[in-house]
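Chains, contacts and geometry: an overview
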Amino acid sequence: MSNLAKILSAIILLGTLMGAGPGLSLASPAPDASQPATVFGIPVLYAWVAFWFLVQAAAIFVASEKLWKPQDGGATDKLEKEV
């Protein structure tokens, strides 16, 4: 496994933990707050989850461009031969 693959795997795992997992309690506003916490008018919890989703999406995009290579005899090869 290349260094880039290890880094991207770590980013995906971190994003999974921080996005919808225990990381939500870090961004959760205090229960006794009179006003809901916002960032640029967006609720903090939504902004937190959306940010980590974008981090994971970027890691997947980088992996698709740099790491994933087409395999010989895959589904796309069969489609090309039929056409």
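Parameters and conventions
Residues numbered from 1 in each chain as written. Predicted model: local features only at pLDDT ≥ 70, side-chain atom pairs only at ≥ 80, totals over all residues. Heavy atoms only, no water. Phe/Tyr/Trp six-rings, centres within 6.5 Å; stacked < 30°, edge-to-face > 60°. Helix = DSSP H or I, 4+ residues; strand = E, 2+ residues; numbered from the N terminus. Buried < 20%, exposed > 50% of the residue type's maximum accessible area, 1.4 Å probe, protein only. Expected span 1.5 Å × (residues − 1). Contact = heavy atoms within 4.5 Å.

What about the packing of aromatic side chains?
- In the structure shown here, the tally under the stated rule is two aromatic pairs.
- Consider the rings of W48 and W52, whose centres lie 6.2 Å apart with planes at 65°: the pair is edge-to-face. Linking W48 with W52, this pair stays in helix 3 (residues 44-66), spanning four residues, or about one helical turn.
- Taken together, a centroid distance of 5.1 Å and an interplanar angle of 75° make the contact between F51 and W52 edge-to-face.
- Overall, W52 belongs to the buried group, its relative accessible area being 12%.
- In this structure an aromatic cluster arises from ring pairing among W48, F51 and W52.

Focus on helix 3
- Here helix 3 spans 33 Å end to end across 23 residues, near enough to the 33 Å set by a 1.5 Å rise per residue.
- Of the positions making up helix 3, those classed as buried are V44, W52, Q56, A59 and A63.
- Where helix 3 is buried, its residues meet helix 1 (3-19), helix 2 (23-27), strand 1 (38-39) and strand 2 (42-43).

A closer look at unusual backbone geometry
- Positive phi outside glycine occurs at F40, with the angle close to 55°.
- Topologically, F40 is positioned in the loop between strand 1 and strand 2.

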